[in-house]
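Residues per chain, in single letters:
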Amino acid sequence: MGTGPYRIVSQSLDVEIKLASHDAYWGGLPPFAGILFRIIPELSSRMNALMAGEVDFITDIAPDMFGQIETHPETEIAGGPVQNIRYLAIDKTDAVLGKVGVRRALSLALDRKALVLALWQDRLPIPNGFQFASFGEAYIEDFPALAHDPELARKLLAESGYNGETITYKLLNNYYPTQVAGAQIMVEMWRAVGINVEIQMMENFAQIQTKPVHAIYDSSSTAIFPDPLAHAWREFGPKGTLPKVGIWNNEEYFGLGEKLKETADPQARRSIIRRMLEIVDRQDPPCVILYGSGQFYGKRKDIAWIPGQTLDLNFGPFNTAYAEN
């Protein structure tokens, strides 16, 4: 756009992006003359590049790599939880997944604390509903925690008439760190309550979202500013991700969101938000909320970089400094 701390010099699709300092940047002189983003899909290759000094910074680090980075004298881990929720989208138009009891059972069967401990060394939060505490007056602090209740899951399955039909889980190969391992653990948790979920590996999101979807699949949502309108509404509102794919709609939810946009009084907004959370969590779930996302990076210690709360990589003068050797 010409207004950021760097400008694009060149781009090679799926290979690299070269940036140069925008010296007239309104926020001050950027700390680097230029930045080269290299696309290195395999985590092991990124790790080797960092350890060998071929790169200064790598993204999407899984916890089993933390120790190697932290024990190296010149590198360290940066990052942590961000304003993003990992969730499983559900195709409500499917004959089996259209049953509310089945969708709720998919959520109730999951032991999220065990997932976060096994996959993320207990470094990620588990939200109470599709929201963040950073929403301030719009945060419903007493909204019930995400429940792990296998017995209730079995009861709801029986009441819904579920009879062991296969539910397809369309899965990308570690689009998110630890994604495949997490999916395998969840399949076993679902099996324990009688839900038959089968993983189907896919190559890209276009394949996953090709109609008819008739499946569950991984997704996530970032709060681009601290309010439900910038988070859940972006996913589940009529122009949101899931309704646009054509796998979920709820007219009450749509109406509540429109009312929320027009309401300024904090207490009146809280009443609307609470009902919207209830619809997503229990009344007509569009998804299974998993846990708060984390973004972890490996970097050289002499790059003083402060990660933000979104997934953006900002190396501008506000959050980056470089100590010359």
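Residues numbered from 1 in each chain as written. Predicted model: local features only at pLDDT ≥ 70, side-chain atom pairs only at ≥ 80, totals over all residues. Heavy atoms only, no water.

Q: Tell me about the pattern of salt bridges, and name the residues and values.
A: For the structure shown, the criterion picks out 17 salt bridges. Among the salt bridges present, the one from Lys-299 reaches Glu-76, with a minimum N-O distance of 2.6 Å. Linking Lys-299 in strand E9 (residues 287-300) with Glu-76 in strand E5 (residues 75-90), this pair joins segments that are 223 residues apart in sequence. Close ionic contact of Asp-284 with Lys-92 constitutes a salt bridge, the shortest N to O distance being 2.7 Å. With Asp-284 in the loop between helix H11 (266-283) and E9 and Lys-92 in the loop between E5 and helix H3 (100-108), this residue pair connects regions lying 192 residues apart in the sequence. Shared partners join several salt bridges into a network, and the residues in it are Asp-56, Arg-300 and Asp-302. (Salt bridge = Lys/Arg side-chain N within 4 Å of Asp/Glu carboxyl O. Helix = DSSP H or I, 4+ residues; strand = E, 2+ residues; numbered from the N terminus.)

Q: Outline H11, listing residues and values.
A: Spanning 18 residues, H11 covers 24 Å between terminal C-alpha atoms, matching the ideal 26 Å at 1.5 Å per step. Buried residues of H11: Arg-269, Arg-270, Ile-272, Ile-273, Met-276, Leu-277, Ile-279 and Val-280, and no others. Looking at the packing, one finds that the buried side of H11 touches helix H8 (232-236), helix H10 (251-262) and E9. Between the side-chain oxygen of the N-cap and the backbone nitrogen of Gln-267 there are 3.3 Å, and the N-cap of H11 in question is Asp-265. (Expected span 1.5 Å × (residues − 1). Buried < 20%, exposed > 50% of the residue type's maximum accessible area, 1.4 Å probe, protein only. Contact = heavy atoms within 4.5 Å. Polar contact = N/O pair within 3.5 Å; in protein donor to acceptor, adjacent residues only side chain to side chain.)

Q: Describe the pairing of strand E7 (residues 196-201), with residues and values.
A: Of the strand pairs in this sheet, strand E6 (residues 166-171) and E7 are connected by six bridges, and their pairing is parallel. Its bridge partner being in E7, Tyr-169 is matched across the sheet by Ile-199. Taken together, E6, helix H6 (residues 179-193) and E7 constitute a β-α-β crossover, and its handedness is right-handed. (Pairing = 2+ DSSP bridges. Right-handed = clockwise from strand over helix to strand, strands pointing away.)

Q: Summarise the side chain of Asn-250; cite the residues concerned and give the values.
A: Assignment of secondary structure puts Asn-250 in the loop between helix H9 (241-245) and H10. A polar contact is formed between the side chain of Asn-250 and the backbone nitrogen of Glu-252, at a distance of 3.1 Å. At a separation of 2.8 Å, a polar atom in the side chain of Asn-250 contacts the main-chain amide nitrogen of Tyr-253. Ignoring sequence-local partners within four residues, the contact set of Asn-250 consists of Ile-279 and Asp-284.

Any link to function would need more than the numbers given here.
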